[in-house]
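Structure assessment
Next come the chains, spelled out residue by residue.
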Amino acid sequence: NTMINLAGVLKRRGRLDDAATVLRRALKIRESDLGPNHPETLRSLAAVASITEAQGKLAAAESLHRKVYKMRAKVLGPAHPETVAAIASLAAVLDARGNDREAERVRAKAPAREDEGSGTRDHKQRRRRGDHNRGHHGRGGDHGRQDKAARKPKAGGKHQSKHHGRH
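As the structure is a computational prediction, the values presented were derived from the model and not from experiment.

Quick notes on the rules
Residues numbered from 1 in each chain as written. Predicted model: local features only at pLDDT ≥ 70, side-chain atom pairs only at ≥ 80, totals over all residues. Heavy atoms only, no water. Axes fitted to C-alpha atoms, helices over the stretch in contact; angles between N-to-C directions. Helix = DSSP H or I, 4+ residues; strand = E, 2+ residues; numbered from the N terminus. Parallel < 35°, antiparallel > 145°, perpendicular 65-115°, else oblique. Left-handed = near helix turned anticlockwise from the far one by under 90°. Contact = heavy atoms within 4.5 Å. Nonpolar A, V, L, I, M, F, W, Y, C, P; charged D, E, K, R; others polar. Buried < 20%, exposed > 50% of the residue type's maximum accessible area, 1.4 Å probe, protein only. Expected span 1.5 Å × (residues − 1). Arc of directions from axis to C-beta.

1. Focus on the packing of helix H3 (residues 39-54) against helix H4 (residues 58-75)
Interaxial distance between H3 and H4 falls to 8 Å at its minimum, and their mutual angle equals 160°. Judged by the angle between their axes, H3 and H4 are roughly antiparallel. Viewed along their axes, H3 and H4 form a crossing whose handedness is left-handed. Contact residues: H3 offers Leu-42, Arg-43, Leu-45, Ala-46, Val-48, Ala-49, Ser-50, Thr-52 and Glu-53, while H4 offers Leu-58, Ala-60, Ala-61, Leu-64, His-65, Lys-67, Val-68, Met-71, Arg-72 and Val-75. By residue class, the composition of the contact of H3 with H4 is 12 nonpolar, three polar and four charged.

Here it is in structure tokens:
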């Protein structure tokens, strides 16, 4: 986790190439120590995909996000929250590349949520457990993207993160 945290600091400082190097190293370590199908390894792969996207390398990011999605669907199952996050990440990079139709086909793979539109029960359960924004700390599928509740401006118009007190 120290390497993941370091990569986050580097990314926030705009040092995307350095962050990518650290994340790739963390991925290699996790692949070696845990194997390629371990959930922690898949989180590292998702982080590499996200930083590659942030670097503007969209074709490479698409390939990595595709791999994350396929592996998570196989290992965790298609309805797992991290698999669903991988679907969203892949669809986002497809949108960014102008592949709107394929992005919609990918989004259609996400399981329907029974309480769509009212704040999902799963989100509420994660929020109660305190891991509603796991990706912000390199452990979820969205890697660095905060949910809308965490991005709401505080009184006085200042933008603050729930987790860090500043942004």
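So that's the structure; there's more coming.
2. Looking at the side chain of Thr-41
Among the structural elements, Thr-41 can be located in helix H3. Overall, the relative accessible area of 2% leaves Thr-41 in the buried class. The residues touching Thr-41, leaving out its near neighbours within four places in the chain, are Leu-27, Arg-30, Glu-31, Leu-34, Gly-35 and Pro-36.

3. Observations regarding helix H2 (residues 16-34)
For H2, built from 19 residues, the straight-helix expectation of 27 Å at 1.5 Å per residue is met to within 8% by its first-to-last C-alpha distance of 26 Å. Of the residues making up H2, those classed as buried are Ala-19, Ala-20, Val-22, Leu-23, Ala-26, Leu-27 and Arg-30. End-on, the buried residues of H2 take up no more than an arc of 165°, which puts them together on one face. With respect to the buried face of H2, the exposed residues turned more than 90 degrees away are Asp-17, Lys-28 and Ser-32. Check the buried side of H2 and you find it contacts helix H1 (2-12) and H3.

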